[in-house]
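# Structural characterization, general
What follows is the residue order along each chain.
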Amino acid sequence: MGYSWYTFRMALVGLLLGAVFGIALAIVMARFKVVERGLLPYVIASQTVPLIALAPQVAALGGNWDLPKWMWVAALGAFLAFFPISVATLKGLSNPPPASLELMDSYAAGWTTTLVKLRFPAAIPTMVPGVKLGATAAVIGVIVSEISTGVRGIGFAALTYGQKATSDPAQVYTAVFGAATLGLVMFGLVVAVEAVVMRNRPQEAVG
């Protein structure tokens with residue numbers, strides 16, 4: 001239970017950091033198309049970096065800065081979480097109804113006003129699936145980083161229990177089921193937030 005709680009907190013921090021960075025990056029790319037064209041390929045390429053190889057390097061860098069390891073583990077969780085959130089947000093911000101954009105133009109609304117009043121609210125249904133993917137990705141990133149850095153969470157427990165697989169194989173499954181349960185809990189938190197956010201949104205009429 002203690003391992004799961006520790007990993008949960010780091011995954012939650014990673015998800016929040018990934019959401020903030022991913023949404024901010026999407027807003028910049030939606031505002032400046034030259035940034036989108038220049039930056040988006042690198043954002044996609046960043047997800048091909050093997051996290052299990054990157055984690056020790058980041059942990060060593062954190063040691064040079066005298067920062068606790070859990071911060072870097074959470075940052076690596078955010079590294080995986082930001083990508084689906086950023087891409088989903090960018091898609092939502094770039095595809096508001098054309099008639100609504102024309103209406104905002106007729107009011108001489110600036111880009112910031114259009115972002116707050118139209119683009120961002122219209123993007124929420126597209127963003128939510130990205131945040132759901134980001135939540136589970138944050139759990140994966142944190143667990144893999146724990147294995148590489150030795151931070152005492154579910155990843156550390158899986159590595160430790162794996163060394164006892166012959167004498168007590170049940171412990172290995174405990175870590176596996178703990179990781180799966182944690183992913184479901186993070187997904188459920190996003191679903192709960194979605195229910196609150198979407199509660200007062202107008203529903204489309206079905207003909």
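Only a predicted model underlies this, so the values are computations on that prediction, with no experimental measurement involved.

## Structural notes on the overall build of the protein chain
Regarding its fold elements, the protein chain presents eight helices and zero strands. Ordered by position in the sequence, the α and β elements of the protein chain form the string α-α-α-α-α-α-α-α. Expressed as a percentage of the 207 residues in the protein chain, the buried residues total 37%. Restricting the contact set of the protein chain to residue pairs at least 6 apart, pairs at least 24 apart contribute 79%. Carbon together with sulfur atoms contributes 69% to the accessible area of the protein chain, which is approximately 11800 Å² in total.

## Details of the environment of leucine 39
Mapped onto the elements, leucine 39 comes out in helix α2 (residues 33–46). Distance from leucine 39 to leucine 25, taken between C-alpha atoms, is 9.5 Å for residues 14 residues apart in sequence.

## Overview of the nonpolar core
Counting 38 residues, the largest nonpolar core has Leu15, Leu93, Val139 and Met186 as the members making the most contacts within it. Mapped by element, the contributors of at least two residues to this core are α1 (2–31), α3 (51–64), α4 (69–94), α6 (111–149) and α8 (169–198). If we skip the residues at most four places from it in the chain, valine 139 touches Ala11, Ala179, Leu182, Gly183 and Met186.

## Considering the pattern of salt bridges
In total, this model carries two salt bridges according to the counting rule given. A salt bridge links lysine 33 to glutamate 36; the shortest N-O distance between them is 3.3 Å. Remark: glutamate 36 and lysine 33 occur in helix α2; sequence separation between them is three residues, near one turn of the helix. On the basis of relative accessible area, lysine 33 is assigned to the partly exposed category, the value being 40%. Where glutamate 194 meets lysine 132, a salt bridge forms, and the shortest distance between an N and an O atom there is 3.1 Å. One end of the pair, glutamate 194, is in helix α8; the other, lysine 132, is in helix α6, with 62 residues separating them in the sequence.

## Comments concerning the packing of α4 against α6
Direction vectors running N to C along α4 and α6 enclose 150°, while the axes themselves pass 6 Å from each other. Regarding the angle of α4 to α6, the classification is roughly antiparallel. Both α4 and α6 take part in a crossing whose hand is right-handed. Per-class residue counts for the contact of α4 with α6 are 18 nonpolar, ten polar and four charged.

## Observations regarding the environment of leucine 118
Summarising the element assignment, leucine 118 is placed in helix α6. On a C-alpha basis, the gap between leucine 118 and proline 97 in space is 9.1 Å, while along the polypeptide they are 21 residues apart. The residues contacting leucine 118, other than those within four sequence positions of it, are Pro96, Ser100, Leu101, Met104 and Thr113.

## Observations concerning the environment of alanine 81
For alanine 81, the position within the fold is in helix α4. By relative accessible area, which is 0% here, alanine 81 ends up buried. Linking alanine 81 and glycine 130, residues 49 residues apart in sequence, is a C-alpha distance of 8.8 Å.

## A short note on the packing of aromatic side chains
By the definition in use, this model includes three aromatic pairs. Ring geometry for tryptophan 5 against phenylalanine 8: centres 5.7 Å apart, planes inclined by 20°, an arrangement best described as stacked. Taken together, the positions of tryptophan 5 and phenylalanine 8, both in helix α1 and three residues apart, correspond to about one turn of that helix. By relative accessible area, tryptophan 5 is classed as partly exposed at 48%. Aromatic side chains phenylalanine 21 and phenylalanine 82 sit 5.4 Å apart centroid to centroid with 70° between the ring planes, which places their arrangement in the edge-to-face category. On the criterion of sequence distance, the pair formed by phenylalanine 21 in helix α1 and phenylalanine 82 in helix α4 is long-range, its members being 61 residues apart. You can call phenylalanine 82 buried: its relative accessible area is 7%. Three or more aromatic residues joined by ring pairs make a cluster, and in this case those are Phe21, Phe79 and Phe82.

What counts, and where the lines are drawn
- Residues numbered from 1 in each chain as written.
- Predicted model: local features only at pLDDT ≥ 70, side-chain atom pairs only at ≥ 80, totals over all residues.
- Heavy atoms only, no water.
- Helix = DSSP H or I, 4+ residues; strand = E, 2+ residues; numbered from the N terminus.
- Buried < 20%, exposed > 50% of the residue type's maximum accessible area, 1.4 Å probe, protein only.
- Contact = heavy atoms within 4.5 Å.
- Areas by Shrake-Rupley, 256 points an atom, 1.4 Å probe, with all protein chains shown as cover.
- Core = buried A, V, L, I, M, F, W, Y, C linked by side-chain atoms within 4.5 Å.
- Salt bridge = Lys/Arg side-chain N within 4 Å of Asp/Glu carboxyl O.
- Axes fitted to C-alpha atoms, helices over the stretch in contact; angles between N-to-C directions.
- Parallel < 35°, antiparallel > 145°, perpendicular 65-115°, else oblique.
- Left-handed = near helix turned anticlockwise from the far one by under 90°.
- Nonpolar A, V, L, I, M, F, W, Y, C, P; charged D, E, K, R; others polar.
- Phe/Tyr/Trp six-rings, centres within 6.5 Å; stacked < 30°, edge-to-face > 60°.

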